[in-house]
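Residue strings, one per chain:
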Amino acid sequence: MGVASVVFFGVAGAAPLTVIIGSISAIYAIQGSTAVPVAYLVVAGILSLFTVGFVAMSRHIVNSGAFYSYISHGLGRMVGVGAAFVALPAYSLMQIGLFGLFGSAAAGILAEFGLEVSWYVCALVAWALVTVLGVLWVDLSGKVLAVLLIAEISIVLVYDLVMVANPAGGEVSFATLSPAPMVTPVVGSLLVLAIAGFVGFEATVVLSEEARDPKRTIARATHLAVLLAGLLCGLSAWAMSVATGPDRILAVAGENQTDLVFKLVGPHLPGILVDIGYVLFMTSVFAALLAFHAAVSRYQFSLGREGVLPSAWGYTHPRTGAPLLGSITQSVFALIVISAYAAAGAEPLLYLFAWLTTIGGLGVLILMWAASASVIAFFQQHRRGENAWRAYIAPFLAFLLLSIVLAATIIGFGDLLQVSDGSPFRWIFPVAYLGVAGLGVIWALIMRAVRPEVYAAIGRGADVHVPAAVENDFPPPLPPATPVGARGYHY
């Protein structure tokens, strides 16, 4: 995979059109602040700082385990396994939650054509497509994402241009780009909600072993994914305020919610372009489903290859090279969860999409925070030719800022889930992540005592030769990995 294909996976995970249509208007309405465009630009800056050290480390460690591998190298194997136990449920819940949004969006679009189909049936169609693409060639998924994202970005730019070209009162206002509204009590919530719109960009590093030139490709692709997602979201949030007027954006957003953009561009565009926007909103969600599926399956592959999970998870498809059991495991788990939600009659947008993606996003934020600390520790041991900015200054600033955002997220987590003050859901999920991380540390201690050769290979699996699965059985267990990591491994 080249830079473009990897960028498509990262931006697809962030799903900018989904954020622009589904999240930005809601943030305007719920938070009651006009600082939304600035919040996205500030978060893009924070994550750009994080990316500096993150991709610097990627030049020395090529491993599809990404956060797990980096944290293992920087903070130690026990903390690394704890991070892996956080990563698996976090990315899995992010992906499964998106089925709720896809099913609801697809059912709504079909209803416009007179077809009454339940969200569950629509979600099953998406599930089947993702399941098939998940075990095929990764560059095929990259091509699918490329087509979807080029169309998605194009329609976003068209909508933004239309909104700016038709300003309220006949004059383009830059008032919502002022940083002054950020100095308010809601700034923490704004940053938390904005950073959720970027979750998924880090999926670029999960593909490091499938990149043509990992040391250059992943660095460039990750930087581009952050900047592209940040600019699209910030520009679109500002364009909305231009079309309504800065003084009316909060009220108009409250009235229209996810239809805000379509209401603003509808009077100025042919109906077909508005309809295309609705369809691309649905395909944007599908692109994110595919990107997160790839991330989850590759995490499982990395852990299986290194013996943290059973070795069966460390084998690839004999022809396509895709992580086989990891992909199948995620597909089966997703089917069970969405079927359970459907059987319970739970509202898919709130309890499947909003809840699971928020819970999963918390886990990814925890991983980013730990990874920023691991970058500092990794280069503290040896700079490895990196300059002070990449090795120390940017990672330290990122760690400091992410610490603030993570603290604000945990404190206000109940508000993000929209539960009452006394609800146990305000604290149970942060505590649950602490619990699964603790289980990972305990498992690492057991491996150190019982299987020291496997423990020594934790986070260093990119040097291990991994055979493809045979037709009816798996080969013998993998040999232990040498505890070094620098060269990429190719299927």
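What you see is a predicted model, and the numbers here were worked out from it, not measured in a lab.

Chemist: Can you help me understand the overall build of the chain in this one?
Modeler: What the chain contains, in helices and strands, is 19 helices and 0 strands. Counting over 491 residues, the chain shows a buried share of 56%. Excluding contacts between residues fewer than 6 apart, the proportion of contacts in the chain whose partners are at least 24 apart in sequence is 80%. When the accessible area of the chain is evaluated, it comes to approximately 18600 Å², of which 70% is carbon and sulfur surface.

Chemist: Hey, could you run me through the packing of aromatic side chains in this one?
Modeler: How two aromatic rings sit relative to each other is given by the distance of their centres and the angle of their planes. In the structure shown here, the tally under the stated rule is 18 aromatic pairs. Residues F262 and Y278 carry aromatic rings whose centres are separated by 3.9 Å and whose planes lie at 20 degrees to one another, so their mutual orientation is stacked. Residue F262 is found in helix α12 (residues 260–265), and its partner Y278 is found in helix α13 (residues 271–305); the two are separated by 16 residues along the sequence. Accessibility expressed as a relative area gives 29% for Y278, which makes it partly exposed. An angle of 65 degrees between the planes, with centres 6.4 Å apart, marks the rings of F413 and F429 as edge-to-face. On the criterion of sequence distance, the pair formed by F413 in helix α17 (residues 413–417) and F429 in helix α18 (residues 428–450) is long-range, its members being 16 residues apart. Take F413 and F429: they sit in the same class, and that class is buried.

Chemist: Explain the packing of helix α5 (residues 77–112) against helix α6 (residues 119–134) to me, please; I cannot follow it from the model alone.
Modeler: Relative to each other, α5 and α6 sit at 120 degrees, their axes nearing to 7 Å. Comparing their axes, α6 and α5 come out oblique. The chirality of how α5 crosses α6 is right-handed. Residues Q95, F99, G100, F102, G103, S104, A106, A107 and L110 of α5 pack against W119, C122, A123, A126, W127 and V130 of α6. Here the residues of the contact of α5 with α6 are counted per class, giving 11 nonpolar, 4 polar and no charged.

Chemist: Would you mind going over the packing of helix α3 (residues 36–58) against helix α15 (residues 348–381) with me for this structure?
Modeler: Each pair of packed helices gets described by two things: the angle between the helix axes and the distance between those axes. Contact pair α3 / α15: the axes reach a minimum separation of 10 Å and the direction vectors enclose 50 degrees. Judged by the inter-axis angle, α3 sits oblique to α15. Viewed along their axes, α3 and α15 form a crossing whose handedness is left-handed. The residues of α15 that touch α3, namely those facing L47, F50, G53, F54, A56 and M57, are M368, A371, S372, S374, V375, F378 and F379. A breakdown of the residues in the contact of α3 with α15 according to their chemical character gives 10 nonpolar, 3 polar and no charged.

Chemist: What is the right way to look at α15 in this model?
Modeler: Given a rise of 1.5 Å per residue, 34 residues ought to cover 50 Å, and the 47 Å separating the end C-alpha atoms of α15 matches this to within 8%. Residue E347 occupies the N-cap position of α15, its side-chain oxygen lying 3.0 Å from the main-chain nitrogen of L349.

Chemist: I'm lost on the nonpolar core in this one. Help?
Modeler: Within soluble globular proteins, side chains that are nonpolar generally end up buried alongside one another. I24, F67, Y91 and M240 are the most contacted members of the largest nonpolar core, which has 137 residues in total. Per-element accounting of this core gives the leading share, 18 residues, to α5.

Chemist: How should I be thinking about helix α2 (residues 16–31) in this particular structure?
Modeler: The α-helix winds at 3.6 residues per turn, so residues separated by three or four positions along the chain end up facing the same way. S23 marks where α2 bends most, by close to 35 degrees. Counting buried positions along α2 gives 12 out of 16 residues, so the element sits mostly inside the fold. Backbone geometry just after α2 places G32 at a positive phi near 65 degrees.

Chemist: Sorry, what's going on with the environment of P246 here?
Modeler: Residue position: P246 is located in the loop between α10 (214–244) and α11 (249–256). What makes P246 partly exposed here is its relative accessible area of 24%. When the C-alpha positions of P246 and A168 are compared, they lie 8.8 Å apart, and in sequence the two are 78 residues distant.

Chemist: Even after reading the chapter, I still don't get the pattern of salt bridges, so can you show me in this structure?
Modeler: A side chain of one charge can pair with a side chain of the opposite charge if their charged atoms are brought near each other. All told, the structure shown has 2 salt bridges when counted by the stated rule. Taking the shortest distance from any N to any O, the salt bridge between R390 and E386 comes out at 2.6 Å. Here R426 makes a salt bridge to D421, at a shortest N to O gap of 3.7 Å. You can call D421 exposed: its relative accessible area is 68%.

Chemist: Could you clarify how one ought to interpret a nonpolar patch on the surface in this entry?
Modeler: Taken together, the side chains of L41, V172, F174, L177, L227 and L231 define a hydrophobic patch exposed on the protein surface, amounting to about 530 Å² of accessible area. Note on placement: L177 falls in the loop between α7 (138–165) and α8 (187–196).

Chemist: How should the side chain of S92 be read in this particular structure?
Modeler: With respect to the helices and strands, S92 occurs in helix α5. In this structure, S92 is in contact with V296, Q330 and F333, ignoring residues within four places of it in sequence.

Chemist: Explain the environment of A371 to me, please; I cannot follow it from the model alone.
Modeler: Here A371 shows up in helix α15. The exposure class of A371 is buried, given its relative accessible area of 0%. Remark: the alpha-carbon pair of A371 and P395, spanning 24 residues in sequence, is separated by 9.3 Å. Non-local contacts of A371, meaning those with residues more than four positions away in its chain, are made with F50, F67 and I71.

Cut-offs and rules
Residues numbered from 1 in each chain as written. Predicted model: local features only at pLDDT ≥ 70, side-chain atom pairs only at ≥ 80, totals over all residues. Heavy atoms only, no water. Helix = DSSP H or I, 4+ residues; strand = E, 2+ residues; numbered from the N terminus. Buried < 20%, exposed > 50% of the residue type's maximum accessible area, 1.4 Å probe, protein only. Contact = heavy atoms within 4.5 Å. Areas by Shrake-Rupley, 256 points an atom, 1.4 Å probe, with all protein chains shown as cover. Phe/Tyr/Trp six-rings, centres within 6.5 Å; stacked < 30°, edge-to-face > 60°. Axes fitted to C-alpha atoms, helices over the stretch in contact; angles between N-to-C directions. Parallel < 35°, antiparallel > 145°, perpendicular 65-115°, else oblique. Left-handed = near helix turned anticlockwise from the far one by under 90°. Nonpolar A, V, L, I, M, F, W, Y, C, P; charged D, E, K, R; others polar. Expected span 1.5 Å × (residues − 1). Polar contact = N/O pair within 3.5 Å; in protein donor to acceptor, adjacent residues only side chain to side chain. Core = buried A, V, L, I, M, F, W, Y, C linked by side-chain atoms within 4.5 Å. Bend = angle between axes of the 7 residues up to and from the residue. Salt bridge = Lys/Arg side-chain N within 4 Å of Asp/Glu carboxyl O. Patch = residues over 30% accessible without salt bridge, like charges linked within 9 Å, V, L, I, M, F, W, Y side chains within 5 Å.

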